[in-house]
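Next come the chains, spelled out residue by residue.
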Protein chains: 2
Amino acid sequence: MGTVAVVIWMVFLCCCSAAQGQRRQLRFDGKTGEFRILQVADMHYADGKRTRCEDVFPQQMATCSDLNTTAFIRRLILAEKPDLIVFTGDNIFGFDATDAASSMNAALEPAVSSNIPWAAVLGNHDQESALSREGVMKHIVGMKNTLSQLNPPEAHVIDGYGNYNLEVHGVEGSSLANKSVLNLYFLDSGDYSNVPLIPGYDWIKPSQQLWFQRTSAKLQRSYLNKPEPQKGPAPGLAYFHIPLPEFANFDSSNFTGEKQEGISSASVNSGFFTTMVTAGDVKAVFTGHDHLNDFCGELTGIHLCYAGGFGYHAYGKAGWARRARMVVASLEKMDKGTWGAVKSIKTWKRLDDKHLTGIDGEVLWSKSSRQKRMLR
Amino acid sequence: MGTVAVVIWMVFLCCCSAAQGQRRQLRFDGKTGEFRILQVADMHYADGKRTRCEDVFPQQMATCSDLNTTAFIRRLILAEKPDLIVFTGDNIFGFDATDAASSMNAALEPAVSSNIPWAAVLGNHDQESALSREGVMKHIVGMKNTLSQLNPPEAHVIDGYGNYNLEVHGVEGSSLANKSVLNLYFLDSGDYSNVPLIPGYDWIKPSQQLWFQRTSAKLQRSYLNKPEPQKGPAPGLAYFHIPLPEFANFDSSNFTGEKQEGISSASVNSGFFTTMVTAGDVKAVFTGHDHLNDFCGELTGIHLCYAGGFGYHAYGKAGWARRARMVVASLEKMDKGTWGAVKSIKTWKRLDDKHLTGIDGEVLWSKSSRQKRMLR
């Protein structure tokens, strides 16, 4: 290899690792002390302009297509300036998608072209076109700007595709710059039961729960130990598609938001809620799947939250705006104006109306108090 | 080493491996084609003769002690001639036991001296004396004639102490002599929750469920593959102490036996029932813990059974006899008079009365039909 070739090679390696480093390490904003996550649930994208909307008013029908879904996500990105966009499954509605890869590319294009890091998990419809669940997740992992992963490298056998975690580090230059102060867990909640005696939707399996449990324990050890040992675990958030059976524990007296349909969880309880309570770091769970539910309710220290339906080629309710959920974690301001650990985690929803109206704001967790307060 | 020493050494090795072989390999009886399991739940043994009975009639009190528990198990062994005795926890009532090891030795003495193989798991009271849960399980594993194991050697990290499985092979000389035709799973259901936000009893953790799942899968592969490939999985039975939350799904309309108190399961669902239904081989679960419940009910293809309280130094009900549960698996009779795979699994209970009255007999599983039939 000549000198020029070596230099080119070194520049290439340098760029690659810089790009990878930039892509892989999520971090709180040094100006605002915030980390902002936009959750997009159930886009149900199919063939773009050719794919008509469902459950909109008759007068909207003629001009309404998947492009309305695209327009909504573009407006949200501009308005909320998220640091991460999370797609919680049924990103495409495979049954109506002529080509899974093209549909996925089109559905996720607003995220890709925004240059904002994004992560996705699978729903129960993503594999209904030409790609298997493994195939569709592999396709996602190969897309630009994504932090999605196929599965954890350390878990040799794990159920599903798209089980991974992301660390969000403290502000660059602060004492927690090299620590994960907010942990994001992504899991594949599957599609349909393949157990003959159990009808209905799939669930999170023991292999996934053990991976989650060990990952959480490892992250907590690292956070509580030197350097910069912290007193309690960093808060965690979990994202997946199908709600847990525990989502059925609420009614309007103890949740914020709306419940307009039943909880389409698995028909059995696979124990993941118990596993999360035991781990102790997860403060909120965010799912999709039931488009007409958009509530958050707290049970045993964990908020169970729906995002509400996002996509226009998905069942919904005419007059009940498509919506998305924002989560913003904020750091504690320290002496000398630097930033510390996470102080609070807030959430609200944005409606696809003229003003992208924000509703149902609430504090999900705060360092000083677990008391729930209404923000707006 | 001289010749004599070598011969002695060889004899010693030979005896050891024969003894170990005899101890370790459970097998169906060549004459009857049966394998008989006696379940003893909640002996609550403490200091023997000095330890008084609970909840017996006033006139019995003066002469009633732990020795009544011992006498009951001796009579049962003589009457039922079990091939395996299973102790499903709270074998000793640690709080009243001066010395855990001595109490355990005394409690299990009838099994040890019978020369019948026996297996034990821990309840929530076994560790309340001088030994920890690990210590008390290690003590059990070191006792004579036991097949109990501390934990599976292949699961490097597993919760609890006393998670293991036992294979029961077909009749010696038959085509299934080297196959496990009945699989027994033993699990540690723990004692009390150590999660601050979850009150009450403990539960079976993801690490234990994954071990169970993999063990079941391995056993099924081996059973369905050559040599002598079988068509469906061999039936399995699971033994542990604390009932699952799913035990609460029954009432007198859909169980056999009695329910005289609430189901003291963990206050959360850790998914083990789902994991067992998914595995597909377990036909029945046998627990103790709630002394006044002795029912069996079927849910999604799995019978959930209590044994009923056995020990006299345990809460109970005067006039409601202490009791134990028998399970008998029977092999199919083949052409030429040999024995095949398991044809049926039956259960009944024996009361500690004059005639050791048998009650509530039922078929838990049969190869040809899953229909429940009453036997007696």
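If you're wondering where the values come from, they're calculated on a predicted model, not measured in any experiment.

Points about the packing of aromatic side chains
All names here are of chain B.
Next up, step 1: Inspection of every chain in the model, using the stated rule, returns 30 aromatic pairs over all chains.
Next up, step 2: Arranged with centres 6.0 Å apart and planes meeting at 65°, the rings of Phe250 and Phe295 form a pair that is edge-to-face. Within this pair, whereas Phe250 is found in the loop between strand 7 (236–239) and strand 8 (255–256), its partner Phe295 is found in the loop between strand 9 (282–287) and strand 10 (296–299), the two being separated by 45 residues in sequence. Comparing Phe250 with Phe295, the two get one shared label, buried.

Focus on the interface of chain B and chain A
Next up, step 1: Across the contact, 22 residues belong to chain B and 22 residues belong to chain A.
Next up, step 2: When the two sides are added together, the surface that chain B and chain A hide from each other amounts to roughly 1800 Å², 66% of it contributed by carbon and sulfur.
Next up, step 3: The three residues of chain B that bury the most area against chain A are Leu197, Pro206 and Thr274 of chain B, which together make up 28% of that side's buried surface.
Next up, step 4: For the interface between chain B and chain A, the tally reads zero salt bridges.
Next up, step 5: Inspection of the chain B/chain A interface yields two residue pairs in polar contact (both at pLDDT 80 or more).
Next up, step 6: Looking at which element gives the most residues to the side of chain B that touches chain A, the answer is helix 6 (residues 206–224) of chain B, with six residues.
Next up, step 7: Each residue belonging to the side of chain B that touches chain A can be placed in one class, and the counts come to nine nonpolar, eleven polar and two charged.

Examining the pairing of strand 14 (residues 358–366) of chain B
Consecutive residues of a regular strand have side chains that alternate between opposite faces of the sheet.
All names here are of chain B.
Next up, step 1: Taken together, the six bridges between strand 13 (residues 339–351) and strand 14 define a ladder with antiparallel strand orientation. Looking at strand 14, one finds that Arg350 is bridged to Gly358.
Next up, step 2: Here strand 13 folds back onto strand 14 in antiparallel fashion, the turn holding six residues, of which Leu356 has a positive phi close to 45°.

Examining helix 5 (residues 133–141) of chain B
All names here are of chain B.
Next up, step 1: Of all the residues in helix 5, the buried ones are Arg133, Val136, Met137 and Ile140. In a view along the axis of helix 5, the buried residues occupy a sector of 100°, so they form one face of it.
Next up, step 2: Buried residues along helix 5 sit against helix 4 (100–114), strand 4 (118–121) and strand 5 (164–169).

Focus on the sheet that holds strand 8 of chain B
Residues and elements named next belong to chain B.
Next up, step 1: Overall, mixed pairing links the eight strands, which are arranged 1-5-6-7-9-11-10-8 in an open sheet. In this open sheet, the two strands that pair with only one neighbour each are strand 1 (26–27) and strand 8.
Next up, step 2: Where strand 6 (residues 180–186) lies against strand 7, four bridges are found, and the strand directions are parallel. Bridge pairing in strand 7 links Leu184 to Leu237.
Next up, step 3: Together, strand 7, strand 9, strand 10 and strand 11 (302–306) form the strand contacts of helix 7 (residues 272–279), whose direction differs from that of strand 11 by roughly 135°.

A look at the sheet that holds strand 10 (residues 296–299) of chain A
All names here are of chain A.
Next up, step 1: Read from one edge of the open sheet, eight strands run 1-5-6-7-9-11-10-8, paired in mixed fashion. Unpaired on one side and paired on the other, strand 1 (26–27) and strand 8 (255–256) mark the two borders of the sheet.
Next up, step 2: Contacting strand 5 (164–169), strand 6 (180–186) and strand 9 (282–287), helix 6 (residues 206–224) runs over the sheet at an angle of about 175° to strand 6.
Next up, step 3: The strands touched by helix 7 (residues 272–279) are strand 7 (236–239), strand 9, strand 10 and strand 11 (302–306); relative to strand 11, the strand with the most contacts, the crossing angle is about 135°.

Considerations on the UniProt feature "domain: Calcineurin-like phosphoesterase" (unreviewed entry) in chain A
Next up, step 1: Residues annotated in UniProt with the feature "domain: Calcineurin-like phosphoesterase" (unreviewed entry) correspond here to residues 35–291 of chain A.
Next up, step 2: Counted over residues 35–291 of chain A, helix gives 27% and strand 16%. Its end C-alpha atoms are 26 Å apart.

A few points about the packing of helix 6 of chain B against helix 7 of chain B
All names here are of chain B.
Next up, step 1: Contact geometry for helix 6 and helix 7: axes closest at 10 Å, N-to-C directions at 10°. One finds that helix 6 runs roughly parallel with respect to helix 7. In this structure, helix 6 contributes Gln209, Phe212, Gln213, Ser216 and Gln220 to the contact, and helix 7 contributes Phe272, Thr275, Met276 and Ala279.
Next up, step 2: Of the residues contributing to the contact of helix 6 with helix 7, the split by class is four nonpolar, five polar and no charged.

Considering the relation of the copies chain B and chain A
Next up, step 1: Turning chain B through 180° and shifting it by 0.0 Å along the axis lays it on chain A, with an RMSD of 0.0 Å. In the structure described here, the two chain copies are related by an operation that fits a two-fold rotation axis. For chain B, the residue whose C-alpha comes nearest the rotation axis is Gly271 of chain B, separated from it by 2.1 Å.
Next up, step 2: A shared interface surface links the copies, since 100% of the contact residues of chain B are contact residues in chain A too.

Observations regarding the side chain of Gln209 of chain B
Next up, step 1: Position of Gln209 of chain B among the secondary structure elements: in helix 6.
Next up, step 2: By relative accessible area, which is 1% here, Gln209 of chain B ends up buried.
Next up, step 3: Setting aside residues no more than four positions away along its own chain, Gln209 of chain B makes contact with Pro206 of chain A together with Ile204, Ser270, Gly271, Phe272 and Thr275 of chain B.

Regarding empty space enclosed by the protein
Next up, step 1: Tallied over the entire structure, the rule returns six cavities of 30 Å³ or more.
Next up, step 2: Of the voids in this model, the largest cavity is the one considered here, and its volume is about 90 Å³.
Next up, step 3: In this structure, the largest cavity is lined by 16 residues; those nearest its centre are Trp203, Ile204, Pro243, Leu244 and Pro245 of chain B.
Next up, step 4: Here the residues of the lining of the largest cavity sort into ten nonpolar, five polar and one charged.
Next up, step 5: There is about 70 Å³ of room inside the second largest cavity.
Next up, step 6: What lines the second largest cavity is Ser189, Asp202, Trp203, Ile204, Ile242, Pro243, Leu244, Pro245, Ala266, Val268 and Ser270 of chain A.
Next up, step 7: Broken down by class, the residue content of the lining of the second largest cavity amounts to eight nonpolar, two polar and one charged.

The rules behind these values
Residues numbered from 1 in each chain as written. Chains lettered and ligands numbered in written order. Predicted model: local features only at pLDDT ≥ 70, side-chain atom pairs only at ≥ 80, totals over all residues. Heavy atoms only, no water. Phe/Tyr/Trp six-rings, centres within 6.5 Å; stacked < 30°, edge-to-face > 60°. Helix = DSSP H or I, 4+ residues; strand = E, 2+ residues; numbered from the N terminus. Buried < 20%, exposed > 50% of the residue type's maximum accessible area, 1.4 Å probe, protein only. Contact = heavy atoms within 4.5 Å. Buried area = accessible area lost by both parts, 1.4 Å probe. Salt bridge = Lys/Arg side-chain N within 4 Å of Asp/Glu carboxyl O. Polar contact = N/O pair within 3.5 Å; in protein donor to acceptor, adjacent residues only side chain to side chain. Nonpolar A, V, L, I, M, F, W, Y, C, P; charged D, E, K, R; others polar. Pairing = 2+ DSSP bridges. Arc of directions from axis to C-beta. Axes fitted to C-alpha atoms, helices over the stretch in contact; angles between N-to-C directions. UniProt positions renumbered as here; feature names shortened; annotations may be inferred. Parallel < 35°, antiparallel > 145°, perpendicular 65-115°, else oblique. Least-squares fit on C-alpha atoms with pLDDT ≥ 70 in both. 1 Å grid on protein atoms, 1.4 Å probe; cavity = no way out; pocket = protein on both sides within 12 Å on 5 of 7 lines; lining within 4 Å. Points joined across faces, edges and corners; volume = space filled by probe spheres on them.

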